[in-house]
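Here is how the chains run, residue by residue.
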Amino acid sequence: MSHTATVRRSVVLKRRPDDVPRREHFEIREDAVPQPAPGEVVTRTIWLSIDPYMRGRLREQQTYAQPVNPGDVMTGETVGEVIASAHPDFAAGDVAVGARGWQTHSVTPGERLVKLPRHAAPLSAYLGVLGMPGATAYRGISEICQPKKGETVVVSAASGAVGSVAGQLVKRAGARVVGVAGGAEKCLWVQDSLGFDDCVDHRALDLRAELAAACPDGIDAYFENVGGAVQAAVFDLLNPFARVAMCGMVSQYNEAEFPPGPNLGFVVGKRVTIQGFIVSDKPEKIAEWRKLAAPWVADGSLVYREDTHEGLDAAPDALAGILGGRNFGKMLVRVGPDPLA
Ligand SMILES: NC(=O)c1ccc[n+]([C@@H]2O[C@H](COP(=O)([O-])OP(=O)(O)OC[C@H]3O[C@@H](n4cnc5c(N)ncnc54)[C@H](OP(=O)(O)O)[C@@H]3O)[C@@H](O)[C@H]2O)c1
């Protein structure tokens, strides 16, 4: 059992991928489970979050965050259980969320961890619906899309961690929401379980025609998660004064060079607001979102779905999967036993 393990296993970047990240780009490093220095906390990892942004960290260029370099432990958010603490706010048995990477154990300054309540929600939820992806949806919808009754809002990657929450927030605001997702099964779930008004399969032969049929009054706001062909189809249908929350463009993350962008000249003519944002610009919004959404998760009115891979060694495949649409819901790796599951 990893509770009593003396060996720590970490997934380290071996070399940068040119396209899809694969197992061969990573290697496992083993060392001793560390002891905490004053102010530090040692945790064993229970849940590891797999997120599309991780592909960006594998590029050499620095973006809004530092790249992961060969030899570095792969970056990632985790929920873990404290096994040793030299910080006054943490004791063995506490559970906490933080950015501690793809590893079975980590040593972290206590200030970088957020202690979690034990029984308010499943621990994995703090990496998805009640964590960074949920807060991302909350910010993009409340600050940028700002849906109003009678409007039509489109959300891409609608069955995913961010998109599934974004669409449900649109419905709570009383607007009509149309999802875009890959395949009939995802589209059905988006409509039947999440309550979207419609959902278009982006692999449809005529995506533009299907989207136009689903949005007869045009599109007043777009929550952008994918870019590429979906973005082109949505942009054609934007109404004057539409708002676009540029959250991500996962369709191009594996490309060595990004394709020439769309001609954005129409943004001027239609006075469209397109705003990029990064969830970590306002870290306090994650706690605000957690407080707001926890009762909705508890009463089942905020629906979420998780796609779980087993064991740390599965992390590279999980990352390739999320970039290729082979996840159905929030992608997670179960690294160690969950005391609440
Ligand atoms: N700005 C921020 O602070 C912030 C924070 C978190 C996430 N994000 C972004 O939000 C987006 C969603 O992230 P997530 O964590 O919720 O992931 P996710 O939606 O759970 O998983 C990614 C999904 O993207 C879709 N996809 C992949 N390739 C595609 C393609 N070529 N065309 C269309 N869809 C494709 C797939 O769904 P289908 O099978 O339905 O195509 C896949 O399931 C990403 O762009 C991510 O980078 C941004």
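The present account deals with the structure reproduced in this document. All values derive from a computational prediction rather than experimental measurement.

### Digging into the sheet that holds strand S11 (residues 219–224)
Taken together, 6 strands build an open sheet; the order of strands is S10-S9-S8-S11-S12-S13 and the sheet is parallel. Edge strands, defined here as strands with exactly one partner in the open sheet, are strand S10 (198–201) and strand S13 (273–276). Mean inter-strand twist for the sheet, computed between neighbouring axes without regard to direction, equals 15 degrees. Across 3 bridges, strand S8 (residues 152–156) lies against S11 in parallel orientation. Paired with Val155 across the strands is Phe223, a residue of S11. This element, helix H3 (residues 161–172), spans S8, strand S9 (176–181) and S11 of the sheet and lies at about 170 degrees to S8. On the sheet, helix H4 (residues 184–192) packs against S9 and S10 and is oriented at approximately 165 degrees with respect to S10.

### A word on the site of the ligand
Gly182, Lys186, His202, Asn225 and Asn327 are the nearest of the 27 residues found near the ligand. Lys186 places a side-chain nitrogen or oxygen 2.7 Å from an oxygen atom of the ligand. Here an oxygen atom of the ligand sits 2.5 Å away from a polar atom, N or O, in the side chain of His202. Summarising the interface, the protein chains cover 91% of the accessible area of the ligand, which totals 910 Å² for the free molecule. Residue assignment for the shell around the ligand shows that the elements contributing at least two residues are helix H2 (132–145), H3 and helix H9 (315–323).

### As for the packing of aromatic side chains
Aromatic ring pairs are described here by two measures, namely the spacing of the ring centres and the angle between the planes. The tally for this structure, following the rule as stated, stands at 5 aromatic pairs. Centre to centre, the rings of Trp289 and Trp296 are 6.2 Å apart; their planes meet at 70 degrees, and the pair counts as edge-to-face. For Trp289, a relative accessible area of 0% puts it in the buried group. Assessed through its relative accessible area of 19%, Trp296 is described here as buried. Ring pairs connect the aromatic residues Tyr138, Trp289 and Trp296, which therefore count as one cluster.

### Re the pairing of strand S1 (residues 7–13)
Counting buried residues in S1 gives 5 out of 7 residues, a clear majority hidden from the surface. Looking at chain direction, S1 and strand S2 (residues 26–32) are connected through 7 bridges and run antiparallel. Residue pairing across strands places Val11 opposite Ile28, the latter belonging to S2.

### Considerations on the nonpolar core
With 91 residues, the main nonpolar core has Ile50, Trp102, Leu211 and Leu319 as its most contacted residues. In terms of residue count, the dominant contributor to this core is H2 (7 residues). Apart from the residues within four sequence positions on either side, Leu319 is in contact with Pro21, Phe26, Ile50, Asp51, Met54, Arg55, Leu58, Met74 and Trp102. Core analysis: the second largest hydrophobic core is formed by 5 residues, Val41, Phe90, Ala96 and Leu113 among them.

What counts and what doesn't
- Residues numbered from 1 in each chain as written.
- Predicted model: local features only at pLDDT ≥ 70, side-chain atom pairs only at ≥ 80, totals over all residues.
- Heavy atoms only, no water.
- Pairing = 2+ DSSP bridges.
- Helix = DSSP H or I, 4+ residues; strand = E, 2+ residues; numbered from the N terminus.
- Axes fitted to C-alpha atoms, helices over the stretch in contact; angles between N-to-C directions.
- Contact = heavy atoms within 4.5 Å.
- Near = heavy atom within 4 Å.
- Polar contact = N/O pair within 3.5 Å; in protein donor to acceptor, adjacent residues only side chain to side chain.
- Areas by Shrake-Rupley, 256 points an atom, 1.4 Å probe, with all protein chains shown as cover.
- Phe/Tyr/Trp six-rings, centres within 6.5 Å; stacked < 30°, edge-to-face > 60°.
- Buried < 20%, exposed > 50% of the residue type's maximum accessible area, 1.4 Å probe, protein only.
- Core = buried A, V, L, I, M, F, W, Y, C linked by side-chain atoms within 4.5 Å.

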